[in-house]
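Next come the chains, spelled out residue by residue.
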Amino acid sequence: MAMGTMMTCRMMSISPGMPSSSPPTQSPAPASLPLRTIPGSYGWPLLGPISDRLDYFWFQGPDTFFKKRTDKYKSTVFRTNVPPTFPFFAGVNPNVVAVLDTKSFAYLFDMDIVEKKNILVGEFMPSVKFTGNIRTCAYLDTSEPQHTQLKNFAMGILKRSSKVWLSELVASLDTMWDTIDTDVSQKGSGSYLIPLQQALFKFLVKSLAGADPSNSPEIAESGYAMLDKWLALQLLPTIKIGILQPLEEIFLHSFSYPFFLVSGDYNKLYQFIRNEAKELLRYAETEFGLNQEDTIHNLLFILGFNAFGGFSIFLPGLISRIVSDTALQEKLRDEVRQNAGPNLSFESVMKMPLVQSVVYETLRLSPPVPLQFARARKDFQLSSHDSVFDIKKGELLCGYQPLVMRDPEVFDDPESFRADRFMGEEGGELLKYLYWSNGPQTGSPSASNKQCAAKDYVTLTGSMMVAYLLKRYDSITGDSASITAVEKAVK
Ligand code: HEM
């Protein structure tokens, strides 16, 4: 056991998944941690998976599903099934080892001991027909040479876009909030979900692809909705919607939807990129040796799945947090107006620690991508805060971020939203436990890890959005879907 613990300590401290600039995510396991058999079971064939599936989607929901089992087994590491499963996902093995504290979750980042081939959303993988019959970057393991090429491409287009990122973001936000202001004054309230998606689509296409949607009226009008449908068909078997059961189980979680339902839209987006993003296609070929097919399908995936999908979940939560809390608005407004200058810039946002902390705290309490998976490359020992477990090569680890980010060993008062949690020296220390990007917030995405390529762009964009709101409005009131009152700042 002592030998096992020593090996575990060494794995944590030299983990190549962690950038060398950042400290190890967790302190080494104390020598006294006991070796424990992983609790939990997969149940009877067919019955175990179906019963877990019904708990997950229907009777309990993901939060309670994982919480109840943690309590039952008195362990943050246990065996369970996760959907999709029986009857029409016959080839999909639902057996996983759940890892639900900050320490065991961090093994998902260590690319020396886990692999990430085809498991972006778990053992189930949507058909490659959705992505032009190729496996896009997010489905590749770091050991596959194409991962390096495509991850560098993703980081390359972000770097290129950084020149226009801010101006395009602000231009799209201006249009979005002008629409909402008009709705509030004419109808008494304005929904922000669709205007936000329209703004995101335009901003992301212009900055990441260097293409202007207004050159194609159909793409300008409906591009965002085309992406919504394309995303939904891929992800439906894995997501709890919360509509009328058992209809949801029968129609949304029992089989995967075929690509032909969205092929027309996807082909329009493909043609649009091919015609309008010629400069980017040349850049991909000369800098990264990528052919046109690989570039367009990967670009559409980065733009539609990673960026548009991620922001469409993250930003409504952030807006809702701000518009429903007047006391928080007051504090943020002071900080923003003292530091913003005449025009917002990334530099000015860097001088707003409360704004940044609010963004981090929102990502902690509502991580936009709740589930992360990784498969053991070899046998190894995994530590939670209180035990050590043997993991066998090939086993699938499944981390549920919403619980991990409420780990009471790391975060005081973990269930509460504390706007200033990540401020100051002590708050800054906590960033190494903030995992929304599939890596610590102190880490750096690279070709040798699977951390989100846009880790810093996402937090900066969130901060820009908060600063923009507090600069534009003296007060803004609303909820998770709409704005009901605004008081604009006098210029
Ligand atoms: C709020 C917005 C976003 C969120 C929440 C988010 C989250 C994530 C997460 C959790 C992963 C890892 C998935 C896994 O392997 O389990 C990931 C990967 C990735 N993200 Fe993001 N992301 C966001 C925005 C973006 C944007 C704007 C880009 C644009 C370039 C981007 C590009 C990527 C790429 C290329 C990967 C794959 C990395 C690899 O294969 O090594 N993401 N993202």
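See the structure shown above.
Below is a summary of the structure that appears in this document. (Residues numbered from 1 in each chain as written. Predicted model: local features only at pLDDT ≥ 70, side-chain atom pairs only at ≥ 80, totals over all residues. Heavy atoms only, no water.)

Regarding the overall build of the protein chain
For the protein chain, the helix and strand inventory stands at 17 helices and 10 strands. Taken over C-alpha atoms, the radius of gyration comes to 23 Å for the protein chain, in line with the 23 Å a tight globule of 491 residues would show. With respect to the three principal axes, the spread of C-alpha positions in the protein chain is 65 × 50 × 50 Å. By the burial criterion, 57% of the 491 residues in the protein chain qualify as buried. Considering only residue pairs separated by 6 or more positions, the protein chain has 72% of its internal contacts joining residues 24 or more positions apart. By element, 56% of the accessible surface of the protein chain is carried by carbon and sulfur atoms, the whole surface being about 20,800 Å². Here the protein chain contributes 48 positive and 52 negative side-chain charges, whose respective centroids are spaced 3 Å apart. (Helix = DSSP H or I, 4+ residues; strand = E, 2+ residues; numbered from the N terminus. Rg over C-alpha atoms; globule rule 2.2 N^0.38 Å. Buried < 20%, exposed > 50% of the residue type's maximum accessible area, 1.4 Å probe, protein only. Contact = heavy atoms within 4.5 Å. Areas by Shrake-Rupley, 256 points an atom, 1.4 Å probe, with all protein chains shown as cover. Lys, Arg positive; Asp, Glu negative; His and termini not counted. Charge placed at Lys NZ, Arg CZ, Asp CG, Glu CD.)

Remarks on helix α14 (residues 353–365)
The end-to-end C-alpha distance of α14 is 18 Å, a good match for the 18 Å that 13 residues give at a rise of 1.5 Å each. Taken across its 13 residues, α14 has 12 buried, putting it largely inside the fold. By the burial criterion, the buried members of α14 are Leu354, Val355, Gln356, Ser357, Val358, Val359, Tyr360, Glu361, Thr362, Leu363, Arg364 and Leu365. Buried-residue contacts for α14 involve α11 (292–323), α12 (326–339), α13 (346–350) and α17 (455–472). (Expected span 1.5 Å × (residues − 1).)

Thoughts on empty space enclosed by the protein
Using the criterion set out here, one finds seven cavities of 30 Å³ or more in the structure. Volume-wise, the largest cavity comes out at about 70 Å³. As for the largest cavity, its lining consists of 13 residues, and the residues nearest its centre are Val82, Pro83, Gly122, Glu123 and Phe124. Along the lines of polarity and charge, the residues of the lining of the largest cavity split into 10 nonpolar, two polar and one charged. (1 Å grid on protein atoms, 1.4 Å probe; cavity = no way out; pocket = protein on both sides within 12 Å on 5 of 7 lines; lining within 4 Å. Points joined across faces, edges and corners; volume = space filled by probe spheres on them. Nonpolar A, V, L, I, M, F, W, Y, C, P; charged D, E, K, R; others polar.)

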